Amino acid sequence: MSKYSRAEQDELFEKLLNALTETDVPADLALMTLGNLVTYVLNQQASPSRREALARQFGAILLQSVQTKQ
């Protein structure tokens, strides 16, 4: 269970999605920019000793979210 409400998550998601879709940003540019944003968040808000673990966890969750169920 998240400490953030579904409404908070949805609001932020909509803002980020609008920024990427209002100018028809290509997928590769959107992914590069989101990757830079993730790096920025990790570097600004996570202690150096936790960054790698958080990045690995984020990557694992991302992979799980795009895997095709068989």
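Preceding this paragraph is the structure being described.
Calculation notes
Residues numbered from 1 in each chain as written. Predicted model: local features only at pLDDT ≥ 70, side-chain atom pairs only at ≥ 80, totals over all residues. Heavy atoms only, no water. Helix = DSSP H or I, 4+ residues; strand = E, 2+ residues; numbered from the N terminus. Rg over C-alpha atoms; globule rule 2.2 N^0.38 Å. Axes fitted to C-alpha atoms, helices over the stretch in contact; angles between N-to-C directions. Left-handed = near helix turned anticlockwise from the far one by under 90°. Contact = heavy atoms within 4.5 Å. Nonpolar A, V, L, I, M, F, W, Y, C, P; charged D, E, K, R; others polar. Buried < 20%, exposed > 50% of the residue type's maximum accessible area, 1.4 Å probe, protein only.

Draft legend 1. Up close: the overall build of the protein. Counting its regular elements, the protein contains three helices and zero strands. The secondary structure elements of the protein, listed N-terminal to C-terminal, are α-α-α. Its C-alpha radius of gyration of 14 Å places the protein more than 25% over the 11 Å reference for a compact globule of 70 residues. Principal-axis analysis of the C-alpha atoms places the extent of the protein at approximately 40 × 35 × 30 Å.

Draft legend 2. Representation of the packing of helix α2 (residues 27-45) against helix α3 (residues 48-66) within the structure. For the pair α2 and α3, the least separation of the axes is 10 Å and the interaxial angle reads 145°. When you trace α2 past α3, the crossing you get is right-handed. Contact with α2, carried on its side by Val38, Leu42 and Asn43, involves Arg51, Leu54, Ala55 and Phe58 of α3 and no other residues of that element. For the contact of α2 with α3, the per-class residue count stands at five nonpolar, one polar and one charged.

Draft legend 3. Structural view of the environment of aspartate 24. Relative to the helices and strands, aspartate 24 resides in the loop between α1 (6-21) and α2. Accessibility expressed as a relative area gives 68% for aspartate 24, which makes it exposed.

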